[in-house]
Amino acid sequence: MRIITNLEEMTETARGWLSGGSVGFVPTKGHLHIGHLALIQAALQECEINVVSIFVDAVAPGSGEDPAAYPHYLAQDLQLLASTNVDVAFLPRAGDMYPPDFSTSIAPTGPLVERLEGASRLAYLRQFATGILKLFQLVRPDIAYFGQKDAQQVAIIHRIVRDLNIDINLRVLPTVRENNGLAVATSNAALSPMQRQAATVIHRALLAGKAVVENGETRPASIEKAMADMVATESAVKLDYAAVCRPDTFSEIDAAAPGTLLVIAAYVGMARLIDNILWTSDDRWLL
Ligand code: AMP
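Residues numbered from 1 in each chain as written. Predicted model: local features only at pLDDT ≥ 70, side-chain atom pairs only at ≥ 80, totals over all residues. Heavy atoms only, no water.

Trainee: Got a sec to walk through the side chain of Thr280? Specific residues and values, please.
Mentor: Secondary-structure assignment places Thr280 in the loop between strand S9 (271-279) and strand S10 (285-286). In this structure the side chain of Thr280 is engaged in a polar contact, spanning 2.5 Å, whose partner is the side chain of Asp282. Excluding anything up to four places from it in sequence, Thr280 contacts Pro258, Gly259 and Leu286. (Helix = DSSP H or I, 4+ residues; strand = E, 2+ residues; numbered from the N terminus. Polar contact = N/O pair within 3.5 Å; in protein donor to acceptor, adjacent residues only side chain to side chain. Contact = heavy atoms within 4.5 Å.)

Trainee: Quick rundown of the pattern of salt bridges? Include the residues and the values.
Mentor: Using the criterion set out here, one finds 14 salt bridges in the structure. Where Glu178 meets Arg196, a salt bridge forms, and the shortest distance between an N and an O atom there is 2.6 Å. A residue pair is termed long-range when its members are at least 10 positions apart, and Glu178 in the loop between strand S6 (169-173) and helix H8 (193-199) and Arg196 in helix H8 qualify at 18 residues. For Glu178, a relative accessible area of 25% corresponds to the partly exposed category. Ionic pairing is found between Arg219 and Glu217, a salt bridge with its closest N-O pair at 2.9 Å. Because the salt bridges share partners, they merge into one network encompassing Glu117, Asp240 and Arg272. (Salt bridge = Lys/Arg side-chain N within 4 Å of Asp/Glu carboxyl O. Buried < 20%, exposed > 50% of the residue type's maximum accessible area, 1.4 Å probe, protein only.)

Trainee: Would you mind going over the site of the ligand in detail, with residue names and values included?
Mentor: Looking at the ligand, there are 15 residues lining it, with Lys29, His36, Asp150, Val176 and Val184 nearest. Between the ligand and the protein, one listed contact pairs a nitrogen atom with a backbone N or O atom of Val176 at 2.8 Å. Burial of the ligand by the protein chains amounts to 93% of its free accessible area of 490 Å². Looking at the shell around the ligand, the elements that each hand over two or more residues are strand S2 (23-28), helix H2 (34-46) and strand S5 (143-147). Counting residues per element, the shell around the ligand draws most heavily on H2, which supplies 3 residues. (Near = heavy atom within 4 Å. Areas by Shrake-Rupley, 256 points an atom, 1.4 Å probe, with all protein chains shown as cover.)

Trainee: Residue-level account of the pairing of S5, with values.
Mentor: Two faces, one strand: in a regular strand the side chains alternate between the faces of the sheet. By the criterion of burial, S5 is predominantly enclosed, with 4 of the 5 residues buried. Where S2 lies against S5, 2 bridges are found, and the strand directions are parallel. Within the sheet, the bridge partner assigned to Phe25 lies in S5 and is Ala144. When S5 meets S6, the two strands line up parallel, connected through 5 bridges. Bridge assignment links Gly147 to a residue of S6, and that residue is Leu173. (Pairing = 2+ DSSP bridges.)

Trainee: Can you lay out helix H9 (residues 201-214) for me, pointing to particular residues and giving the numbers?
Mentor: Between its first and last C-alpha atoms H9 spans 19 Å; for 14 residues at 1.5 Å apiece the expected length is 20 Å, and the two agree. Those residues of H9 not exposed but buried are Val201, Ile202, His203, Ala205, Leu206, Ala208, Gly209, Lys210 and Val213. Elements in contact with the buried residues of H9: H8, helix H10 (220-232), strand S7 (237-245), strand S8 (260-268), S9 and S10. (Expected span 1.5 Å × (residues − 1).)

Trainee: Can you lay out helix H6 (residues 117-139) for me, pointing to particular residues and giving the numbers?
Mentor: The end-to-end C-alpha distance of H6, which contains 23 residues, comes to just 27 Å, noticeably less than the 33 Å that a straight helix rising 1.5 Å per residue would cover. The sharpest bend along H6 reaches about 60° and sits at Ala123. Downstream of H6 by one or two residues, Arg140 has phi in the positive range, about 50°. (Bend = angle between axes of the 7 residues up to and from the residue.)

Trainee: Lay out the side chain of Gln153 with the relevant residues and their values.
Mentor: Structurally, Gln153 is set in helix H7 (residues 151-163). Sequence-distant contacts of Gln153, defined by excluding residues within four places in its chain, comprise Tyr124, Leu125 and Phe128.

Trainee: Run through the sheet that holds S10, naming residues and quoting values.
Mentor: Taken together, the 4 strands give an open sheet; going across it, the order is S7-S8-S9-S10, and neighbouring strands pair in antiparallel fashion. The sheet is open, and its two borders are formed by S7 and S10, each paired with just one other strand. As paired elements, S7 and S8 share 8 bridges and run antiparallel to each other. Each bridged residue has a counterpart across the sheet, and for Cys245 the counterpart in S8 is Leu261. Against the sheet, H9 makes contact with S7, S8, S9 and S10, and its axis sits at roughly 25° relative to S9, the strand it touches most. (Axes fitted to C-alpha atoms, helices over the stretch in contact; angles between N-to-C directions.)

Trainee: Quick one: what's the story with the pairing of S2, residue by residue and with numbers?
Mentor: Burial analysis of S2 places 6 of its 6 residues in the buried class, which makes it a mostly covered element. Of the two faces of S2, the one lined by Val23, Phe25 and Pro27 and the one lined by Gly24, Val26 and Thr28 are each fully buried. As paired elements, S2 and strand S3 (residues 49-54) share 6 bridges and run parallel to each other. Counted as the bridge partner of Phe25 is Val51 from S3. Remark: the S2/H2/S3 crossover connection has right-handed handedness. (Right-handed = clockwise from strand over helix to strand, strands pointing away.)

Trainee: Account for the sheet that holds strand S1 (residues 2-4), with residues named and values stated.
Mentor: A sheet is described by the order of its strands in space; here 6 strands give the open sequence S1-S4-S3-S2-S5-S6, paired in parallel fashion. Where the open sheet ends on each side, the last strands, each with one partner, are S1 and S6. When strand polarity is set aside, the average angle formed by the axes of neighbouring strands in this sheet is 25°. Against the sheet, helix H3 (residues 74-82) makes contact with S1, S3 and strand S4 (88-90), and its axis sits at roughly 170° relative to S3, the strand it touches most. Of the strands in this sheet, S2, S3, S4, S5 and S6 are in contact with H6, which crosses S2 at around 150°.

In short, geometric facts, not functional conclusions.
Put into structure tokens, the structure is as follows:
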């Protein structure tokens, strides 16, 4: 596995691949877990050349993730990546990605960056959008892999690719969960064993939303209440929002129907956890 930190070297390497086979790309912030590995395995199965980036340009405020902690996991992450068949670990330096005179960003607008995660994190989501676009330009993948767990980021990336005519295919992989339903996440590391147990209520709350939908309920407020009521059964978990929305625009819906996303964000101790389940437009549930 080659480790590339230099931006020009990444550009040159990507240019050399132009006729060398399909390039798969998994962008991460590092501190790798089995959720990331699922994306990497999917890329390895589908693409001839594979790149995993580790780059923390920003972590969501209040997420419980500590940007300063990430470098501590680098040796471990590189060891893990080296044990796969990934061709390149791309570790751009923050100062190269964002030099002091950096002045060109993309600024998605609308519910996609303004509602739910965007209500308190608009600047973060825009920074994320600019960062992903830069990584796409540097790696020039054919296929990029993302996790459904971060549904709003996934929707933003789909929109960027469509709006800016970027020639990249996107693959969205299901959320990897622990046996108890808890979505695997970097922020889980901040949870005590008791908090970890309490946090499983988030997935149960999503399933409670699904249950009322399956009983014929279509009113968003009623579905959201069923989810919020379930979260309220765990005193250690403080709800930020429980909502139903369109999975592509994150706008509000009048009535639940196939093609509806159920999303929850909640605080557990220092960690802020997000999770979702999707009622697909072809009437399946992605849990
Ligand atoms: P991060 O390093 O947290 O920015 O995540 C990098 C990628 O891994 C994103 O596309 C995430 O959606 C994805 N990811 C994180 N956790 C999971 C999970 N539990 N299951 C599937 N994908 C995940």
